[in-house]
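Working through the structure, step by step
Each chain, letter by letter, is given below.
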Amino acid sequence: YDLALTKTVNADTVTQDRAFSYTLAISNLGPNSARDIRLTDFLPDSVTASGFSVAPIDANASPLQWEFPMLSPGASLVVTFQAEVPDSLILPQLPFERFNTAFVSSPLDTNAANDTARVSVFILEAPPYYDLALTKTVNADTVTQGRAFS
């Protein structure tokens, strides 16, 4: 059998503290069923993951890993999850490019050339958040025409 992995990200440029998503798809190109499949995803430093469509072995581990017992010929498995870069991260340059690499493995996979997938995302600083308030007061509630007031 021949397993093939693809990886996509829903945005090529993201802002700190805003969620984006990764999708990994494993396909069994056949001709036999694949067994003992392991999917490994090396998230870039400072990228956190959550909201998994399929739970990894340990959601807090690095790298993230999934295990699947079998995949029939012609079938696919899809894993999606949310990712985020905290606004506390100091970016050394703008935009800051981060690469994410994943690979799939299985003991009898006949073609390792299509077992790795890599995507990149550019990270921009989070826009500043301002909490402004405006107050206006007057020193008199009644004024006379032609007289100054403040």
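Worth saying up front: this structure is predicted, and the values here are computed from it rather than measured.

For the peptide bond that leads from Ser-62 to Pro-63, omega is 5 degrees, which places it in the cis range. Note the cis peptide between Leu-94 and Pro-95, where omega equals -15 degrees. In this fold, Pro-95 is placed in the loop between strand 7 (76-84) and strand 8 (96-105). One non-glycine residue, Asp-17, lies in the positive phi region at around 65 degrees.

With that settled, the discussion passes to the layout of surface pockets. As a volume, the largest pocket reaches approximately 170 Å³. For the largest pocket, the lining is made up of 14 residues, of which Leu-43, Val-47, Asn-60, Ala-61 and Ser-62 are closest to its centre. Elements with a minimum of two residues in the lining of the largest pocket: strand 4 (34-42) and strand 5 (48-50). Of the residues contributing to the lining of the largest pocket, the split by class is 9 nonpolar, 3 polar and 2 charged.

With the rule as written, the count across this model stands at 2 salt bridges. A salt bridge links Asp-41 to Lys-7, with the shortest nitrogen-to-oxygen separation between them at 2.5 Å. Of this pair, Asp-41 sits in strand 4 while Lys-7 sits in strand 1 (residues 3-9), placing them 34 residues apart in sequence. In this pair, the class of Asp-41 matches that of Lys-7, namely buried. With a closest N to O distance of 2.0 Å, Glu-67 and Arg-38 form a salt bridge. In this pair, Glu-67 sits in strand 6 (residues 64-71) while Arg-38 sits in strand 4, placing the two residues 29 residues apart along the sequence. Note on Glu-67: relative accessible area 47%, which makes it partly exposed. Accessibility expressed as a relative area gives 27% for Arg-38, which makes it partly exposed.

Here we come to the pairing of strand 4. Pairing of strand 4 with strand 6, which is carried by 7 bridges, proceeds in the antiparallel orientation. Bridge pairing in strand 6 places Arg-38 opposite Glu-67. Note: strand 4 against strand 8, 5 bridges, orientation antiparallel. Looking across to strand 8, one finds that Arg-38 is bridged to Ser-105.

Our next topic: a nonpolar patch on the surface. Residues Val-138, Val-143 and Phe-149 make up a contiguous nonpolar surface patch of about 280 Å² in total accessible area. Tracing the sequence through the fold places Phe-149 in the segment after strand 9 (116-124).

Another point: the sheet that holds strand 1. Read from one edge to the other, the open sheet built from 4 strands follows the order 1-3-7-5, with strand pairing classed as antiparallel. Edge positions in the open sheet fall to strand 1 and strand 5, since each of these has one partner strand only. Neighbouring strand axes in the sheet, compared pairwise and without regard to direction, differ in orientation by 30 degrees on average. In this sheet, strand 3 (residues 20-28) lies alongside strand 1 in antiparallel orientation, the contact comprising 7 bridges. Bridge assignment links Val-9 to a residue of strand 3, and that residue is Tyr-22.

This part covers the packing of aromatic side chains. Evaluated as defined, the whole model comprises 6 aromatic pairs. With a centroid separation of 6.2 Å and an interplanar angle of 65 degrees, the aromatic rings of Phe-52 and Trp-66 are classed as edge-to-face. Of the two residues, Phe-52 sits in the loop between strand 5 and strand 6 while Trp-66 sits in strand 6, which places them 14 residues apart along the sequence. Here Phe-52 matches Trp-66 in class, with each residue buried. Following the ring pairs from residue to residue traces out a cluster consisting of Phe-20, Tyr-22, Phe-52, Trp-66 and Phe-81. Just above the ring of Tyr-22 sits the side chain of Lys-7; from NZ or CZ to the centre is 4.3 Å. Over the aromatic face of Phe-99 sits the side chain of Arg-118, whose NZ or CZ is 3.9 Å from the ring centroid.

Rules used throughout
- Residues numbered from 1 in each chain as written.
- Predicted model: local features only at pLDDT ≥ 70, side-chain atom pairs only at ≥ 80, totals over all residues.
- Heavy atoms only, no water.
- Helix = DSSP H or I, 4+ residues; strand = E, 2+ residues; numbered from the N terminus.
- 1 Å grid on protein atoms, 1.4 Å probe; cavity = no way out; pocket = protein on both sides within 12 Å on 5 of 7 lines; lining within 4 Å.
- Points joined across faces, edges and corners; volume = space filled by probe spheres on them.
- Nonpolar A, V, L, I, M, F, W, Y, C, P; charged D, E, K, R; others polar.
- Salt bridge = Lys/Arg side-chain N within 4 Å of Asp/Glu carboxyl O.
- Buried < 20%, exposed > 50% of the residue type's maximum accessible area, 1.4 Å probe, protein only.
- Pairing = 2+ DSSP bridges.
- Patch = residues over 30% accessible without salt bridge, like charges linked within 9 Å, V, L, I, M, F, W, Y side chains within 5 Å.
- Areas by Shrake-Rupley, 256 points an atom, 1.4 Å probe, with all protein chains shown as cover.
- Axes fitted to C-alpha atoms, helices over the stretch in contact; angles between N-to-C directions.
- Phe/Tyr/Trp six-rings, centres within 6.5 Å; stacked < 30°, edge-to-face > 60°.
- Lys NZ or Arg CZ within 6 Å of the ring centre and 35° of its normal.

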